[in-house]
Amino acid sequence: TKTVLLTLFVTPTEFKLVADQSEFPAIEAKRSANGKLDLAPLMLRFKEIKAQFPDQSAITLQTDDKVQYQDLVRLIDQCIGAGLPQVSVSAIVGA
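Values in this document were obtained by computation on a predicted structure and should not be read as measured data. (Residues numbered from 1 in each chain as written. Predicted model: local features only at pLDDT ≥ 70, side-chain atom pairs only at ≥ 80, totals over all residues. Heavy atoms only, no water.)

Another point: the overall build of the chain. Counting secondary structure elements, the chain contains 2 helices and 6 strands. From first element to last, N terminus to C terminus, the chain shows the α and β order β-β-β-β-α-β-α-β. By the compact-globule yardstick of 12 Å for 95 residues, the chain fits well, its C-alpha radius of gyration being 13 Å. Every one of the 95 residues in the chain was classed for burial, and the buried ones make up 36%. In the chain, of all internal contacts separated by at least 6 residues, the share reaching a separation of at least 24 is 60%. (Helix = DSSP H or I, 4+ residues; strand = E, 2+ residues; numbered from the N terminus. Rg over C-alpha atoms; globule rule 2.2 N^0.38 Å. Buried < 20%, exposed > 50% of the residue type's maximum accessible area, 1.4 Å probe, protein only. Contact = heavy atoms within 4.5 Å.)

Along the chain, Arg45 falls in helix 1 (residues 40-52). Looking at Arg45, its side chain comes within polar contact range of the main-chain oxygen of Pro25, at 2.7 Å. (Polar contact = N/O pair within 3.5 Å; in protein donor to acceptor, adjacent residues only side chain to side chain.)

What follows is about the side chain of Thr63. Within the secondary structure layout, Thr63 lies in strand 5 (residues 58-63). Classification of Thr63 as buried rests on a relative accessible area of 13%. Each residue touching Thr63, except ones within four places of it in the same chain, is listed here: Val10, Leu72, Val89, Ser90, Ala91 and Ile92.

Turning next to the pattern of salt bridges. Oppositely charged side chains can form a pair if their charged atoms are brought close together. On inspection of all chains with the given rule, the structure shows 3 salt bridges. Note that Lys16 is salt-bridged to Glu14, the shortest N-O span being 3.8 Å. Linking Lys16 and Glu23 is a salt bridge whose minimum nitrogen-to-oxygen distance equals 3.7 Å. Residue Lys16 is classed as partly exposed on the basis of its relative accessible area, which comes to 25%. Salt bridges sharing partners connect three or more residues here, namely Glu14, Lys16 and Glu23. (Salt bridge = Lys/Arg side-chain N within 4 Å of Asp/Glu carboxyl O.)

As structure tokens, then:
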């Protein structure tokens, strides 16, 4: 059962997913007309990860201190919904 160290770096402007040493292209943090973050592109990326690593259940969210609380809660919910229930949250180191 292969898993990776999965980290999602979250800033107010982008999401960057890193699996071990492999960095995926950044996803722009876009908002809809009602102000909610569009998380669909990120969910597609999670599906790719789960297809490659079906046993993957852990992810660390490293967040910028400018990320809004309600956005962080939605991100955690989306991680759990994508089959990544072991969510850890920490600040971006050196930010």
